[in-house]
Amino acid sequence: MDRRVAVAPMMDWTDRHCRYFLRGFSSKVLLYTEMINARAIVRGERARLLAFDPEEHPLALQLGGNDPRELAAAARAGEQAGYDEINLNCGCPSERVASGAFGACLMLEPGRVAECVAAMRAAVRVAVTVKMRIGVVSAPARAVSGAVAGFDERDFEALREFVAAVRAAGCAVAIVHARQAVLGGLSPRENREIPPLRYEVVQRLKGSFPGLPLIVNGGLRTADSVIAALTWCDGVMLGREAYHRPFVLAELQQALWGTALPARAEMIERMQRYATRELARGERLAPIVRHMLGLYAGEPGAREYRRTLSEGARAAQADVGLLRRAIPAAADARA
């Protein structure tokens, strides 16, 4: 599987509608589900939680949890559903996740994470990977700036020991967000912005584990910056930039795989066909088109396009004709 470009798992964003939309920009990028609680898969509506369209491949399932048996069972269910990779979340710093004792706080328990990875590895034949931060600090809001101001040898050794433990347990790929996670003192959004990016730490980590594929995540926004990063790492994971400006995926597809850039109107027509199928199954239009608002980002006509979709999707009888109307709305605004 080509891992040079991936789209990050993003809670409430990378659902199956979003992933289908993003796949239209590149046939090669690796897509991830939003994090799904392993317990919900084992005990809940497994078929609904794991549903995806075959066109989404290559596709990875990200799991949240801290119980080896539950994670193994959920990983097995994911493989049976057809996912190409199973990923363990050890990077999300939200209170909702931390209160369940998983996510970024698991980086403080490398032994437990190793048990989880080993159990998942024993349960499936597809790759088991781990997404992490470069470290975790606990600090109240007033002390955050001091807590993340530096990154010393003890911090790097803790990161190295964590990666060594999960690698020995069977982790096939390390996905590293190049920021520390702050538990308790920052919101999830602040955790994506306030802790400084430290690519040099990830580069050093790559040097410590030359045989372990390493994917860097955080702060990379353009095709040029991704290609530059690929000179020292095995892959780049894009998050919100890919969501808000999905055309960057087409730019990377062109730069790395030599394909032509698609027309935005073609992307809308593709989603029109998809939405027609989904509405026939009882889905509403709004959950589909909410992921499409960034299609014209940075282009003349973007505002009119967004207005047409967002306002039209709220109508009680919204149908796929709305997508057709968005094309001339954007074109007229550019004229």
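Scroll up for the structure.
Residues numbered from 1 in each chain as written. Predicted model: local features only at pLDDT ≥ 70, side-chain atom pairs only at ≥ 80, totals over all residues. Heavy atoms only, no water.

Draft legend 1. Main features of the packing of aromatic side chains. In total, this model carries six aromatic pairs according to the counting rule given. Considering the side-chain rings of Phe52 and Tyr83, the 4.7 Å spacing of their centres and the 55° angle between planes classify their relative orientation as tilted. You can see Phe52 sitting in the loop between helix H3 (46-50) and strand S4 (59-64) and its partner Tyr83 sitting in the loop between helix H4 (68-81) and strand S5 (85-90), a full 31 residues away along the chain. An identical accessibility class is assigned to Phe52 and Tyr83; each is buried. (Phe/Tyr/Trp six-rings, centres within 6.5 Å; stacked < 30°, edge-to-face > 60°. Helix = DSSP H or I, 4+ residues; strand = E, 2+ residues; numbered from the N terminus. Buried < 20%, exposed > 50% of the residue type's maximum accessible area, 1.4 Å probe, protein only.)

Draft legend 2. Region of interest: the side chain of Asn191. Relative to the helices and strands, Asn191 resides in helix H9 (residues 188-191). Those residues within four positions of Asn191 in sequence are excluded, and the remaining contacts are Pro93, Arg133, Arg179, Gln180, Ala181, Val182 and Leu186. (Contact = heavy atoms within 4.5 Å.)

Draft legend 3. Seen up close, the state of the cysteines. Taken as a whole and judged by the stated rule, the model has zero disulfides. No disulfide involves Cys116; its nearest neighbouring cysteine sulfur is the one of Cys90, lying 7.7 Å away. Here Cys171 stays free of any disulfide, with the sulfur of Cys90 as its closest cysteine sulfur at 9.0 Å. (Disulfide = S-S within 2.5 Å.)

Draft legend 4. Seen up close, the layout of surface pockets. Its boundaries defined by the atoms lining it, the largest pocket holds a volume of some 850 Å³. The wall of the largest pocket is formed by 34 residues, among which Met10, His177, Pro188, Arg192 and Arg240 lie closest to the centre. Elements with a minimum of two residues in the lining of the largest pocket: helix H5 (95-98), strand S6 (127-138), strand S7 (173-183), H9, strand S9 (235-238) and helix H12 (240-244). Looking at the lining of the largest pocket, the element that brings in the most residues is H12, giving three residues. For the lining of the largest pocket, the per-class residue count stands at 13 nonpolar, ten polar and eleven charged. (1 Å grid on protein atoms, 1.4 Å probe; cavity = no way out; pocket = protein on both sides within 12 Å on 5 of 7 lines; lining within 4 Å. Points joined across faces, edges and corners; volume = space filled by probe spheres on them. Nonpolar A, V, L, I, M, F, W, Y, C, P; charged D, E, K, R; others polar.)

Draft legend 5. Focus on helix H10 (residues 199-208). Those residues of H10 not exposed but buried are Val201, Val202, Leu205 and Lys206. The buried side chains of H10 occupy one side of the element, clustering within an arc of 145° when seen end-on. Summarising the contacts, the buried residues of H10 are in contact with S6, helix H8 (153-169), S7 and strand S8 (214-217). (Arc of directions from axis to C-beta.)

Draft legend 6. Here's a closer look at unusual backbone geometry. Across the junction of His57 and Pro58, the peptide omega takes the value -5°, indicating a cis bond. Structurally, Pro58 is set in the loop between H3 and S4. Of note, the phi angle at Asp12 is positive, near 70°, even though the residue is not glycine. Tracing the chain through its elements places Asp12 in the loop between strand S1 (5-7) and helix H1 (16-23).

Draft legend 7. Layout of the packing of H1 against helix H14 (residues 264-280). Here H1 crosses H14 at 150°, and the two axes come no closer than 10 Å. Taken as axis vectors, H1 and H14 run roughly antiparallel relative to one another. For the element pair H1 and H14, the recorded crossing hand is right-handed. For the pair H1 and H14, contact is made by Arg16, His17, Tyr20, Phe21 and Arg23 and by Arg270, Met271, Tyr274, Arg277 and Glu278, respectively. (Axes fitted to C-alpha atoms, helices over the stretch in contact; angles between N-to-C directions. Parallel < 35°, antiparallel > 145°, perpendicular 65-115°, else oblique. Left-handed = near helix turned anticlockwise from the far one by under 90°.)

Draft legend 8. Quick look at the environment of Leu261. Its location among the elements puts Leu261 in the loop between helix H13 (247-257) and H14. Judged by its relative accessible area of 39%, Leu261 is partly exposed. Considering only alpha carbons, one finds Leu261 and Phe209, 52 residues apart in sequence, at a separation of 36 Å. If sequence neighbours within four positions are ignored, Leu261 has contacts with Phe247, Ala250, Glu251 and Gln254.

Draft legend 9. Here's a closer look at the pairing of S9. Burial of the side chains of S9 extends over both faces: Gly235 and Met237 are buried on one face and Val236 and Leu238 on the other. Sheet topology note: the S1/S9 ladder contains three bridges and is parallel. Bridge pairing links Ala6 to Met237 in S9. Pairing between S8 and S9: three bridges, direction parallel. Looking across to S9, one finds that Val216 is bridged to Val236. For the segment spanning S8, helix H11 (residues 223-229) and S9, crossover handedness is right-handed. (Pairing = 2+ DSSP bridges. Right-handed = clockwise from strand over helix to strand, strands pointing away.)

Draft legend 10. Local environment of the pattern of salt bridges. Scanning the entire structure with this criterion turns up 25 salt bridges. Note that Arg290 and Asp15 form a salt bridge whose closest N and O atoms lie 3.4 Å from each other. One end of the pair, Arg290, is in the loop between helix H15 (286-289) and helix H16 (302-313); the other, Asp15, is in the loop between S1 and H1, with 275 residues separating them in the sequence. In this structure, Arg19 and Glu56 form a salt bridge, with 2.5 Å as the shortest nitrogen-oxygen distance. Of the two residues, Arg19 sits in helix H1 while Glu56 sits in the loop between H3 and S4, which places them 37 residues apart along the sequence. The same class applies to Arg19 as to Glu56, namely buried. Where salt bridges share partners, they join Arg16, Glu278, Arg281 and Glu283 into one cluster. (Salt bridge = Lys/Arg side-chain N within 4 Å of Asp/Glu carboxyl O.)

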